[in-house]
Amino acid sequence: MSTTTAPLPISFEFFPPKTPEGAEKLRGVRQQLYARAPQFCSVTYGAGGSTQEGTFAAVREILAEGVDAASHFSCIGATRDSVRAQLAQLKAMGVKRLVALRGDLPSGYGIGGEFHYASDLVAFIRAETGKDFHIEVAAYPEVHPQARSAEADLQAFAAKVRAGADSAITQYFFNADAYQRFVQDARRLGLDVPVVPGIMPITGASQLLRFSDACGAEIPRWIRLRLQGYGDDVASIRAFGLDVVTQLCEQLVRAGAPGLHFYTMNQSAATLAICERLKL
């Protein structure tokens, strides 16, 4: 009797475009990526909800294109009434999946609003809407940059899961061991939700290095030095990046990762190339 293995679930993340030209370009990017049959596509949310209108507009378009869409949903500066209203709006749009985050503070703001942690938001969504939404939360295999310690960060993740999260998506990383250790630590605490690795394709050096330094994602020294060594040779950077990220994905799949979530940066070429190599 032959057995067939189900394809590995993949998902794609976009950010809301700021211009009509950007929105048009993103429509083309999405159509190319839909060929890979994503489980869902998520759309990010700016600091303090600054991109809410653009986020919801992109989510509406993805749903209209026949693909499941997940809206990022952050709670910094929010009130229970504002969150309740936004949840009703998302439900009316047909959204079934949320990525619940504490979110970044807009620059110059103190910590305001009625929610201080993502776990508060998850608990509130569950209390208000029951099982209407599949709730994703963030996980940090290399420790959240603002966490007091690795153990404190793990306990913060546990609080989100116990508040009602269904699954997690990680910050991107380039060290498979960090992911495997995080999952082992989570299982040790009895947290059995799927933890999907977030994958960042490498398409350039300076932006990736800057972004990684800011968000606490470690770029191993050998990768950093190779990228710097290529200088402005974009073709070599992309070829090297494709090898590195494909090998990382292969390691993660062998280790039992329940899916792959690609941070597309509103581009399709690198993500499609990785999926092609992985035969996804």
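Cut-offs and rules
- Residues numbered from 1 in each chain as written.
- Predicted model: local features only at pLDDT ≥ 70, side-chain atom pairs only at ≥ 80, totals over all residues.
- Heavy atoms only, no water.
- Axes fitted to C-alpha atoms, helices over the stretch in contact; angles between N-to-C directions.
- Helix = DSSP H or I, 4+ residues; strand = E, 2+ residues; numbered from the N terminus.
- Parallel < 35°, antiparallel > 145°, perpendicular 65-115°, else oblique.
- Left-handed = near helix turned anticlockwise from the far one by under 90°.
- Contact = heavy atoms within 4.5 Å.
- Nonpolar A, V, L, I, M, F, W, Y, C, P; charged D, E, K, R; others polar.
- Salt bridge = Lys/Arg side-chain N within 4 Å of Asp/Glu carboxyl O.
- Buried < 20%, exposed > 50% of the residue type's maximum accessible area, 1.4 Å probe, protein only.

Draft legend 1. Spatial organisation of the packing of helix H5 (residues 150-162) against helix H6 (residues 176-188). Close contact between H5 and H6 brings their axes to 11 Å; oriented N to C, the two are set at 60 degrees. Overall, the two elements H5 and H6 adopt an arrangement that is oblique. For H5 against H6, the interelement crossing comes out right-handed. Along the contact surface, H5 presents Glu151, Leu154 and Phe157, while H6 presents Phe182, Asp185, Ala186 and Arg188. Classifying every residue of the contact of H5 with H6 gives four nonpolar, no polar and three charged.

Draft legend 2. The arrangement of the environment of Pro17 in detail. Mapped onto the elements of the fold, Pro17 is located in the loop between strand E1 (10-14) and helix H1 (20-34). When neighbours within four sequence positions are excluded, Pro17 is seen to be in contact with Gly22, Ala23 and Leu26.

Draft legend 3. Up close: the pattern of salt bridges. Going through the model one piece at a time under the given rule, you end up with 16 salt bridges. Close ionic contact of Glu136 with Arg97 constitutes a salt bridge, the shortest N to O distance being 2.7 Å. You can see Glu136 sitting in strand E5 (residues 134-139) and its partner Arg97 sitting in strand E4 (residues 97-101), a full 39 residues away along the chain. Of the two residues, Glu136 and Arg97, both sit in the buried class. We note a salt bridge from Arg224 to Asp213, for which the minimum N-O separation is 3.0 Å. With a gap of 11 residues between them, Arg224 in helix H8 (residues 221-229) and Asp213 in helix H7 (residues 206-215) connect regions that are remote in the sequence. On the basis of relative accessible area, Arg224 is assigned to the partly exposed category, the value being 23%. Within this structure, Glu24, Arg27, Arg30, Glu61 and Glu65 form a network of salt bridges that share partners.

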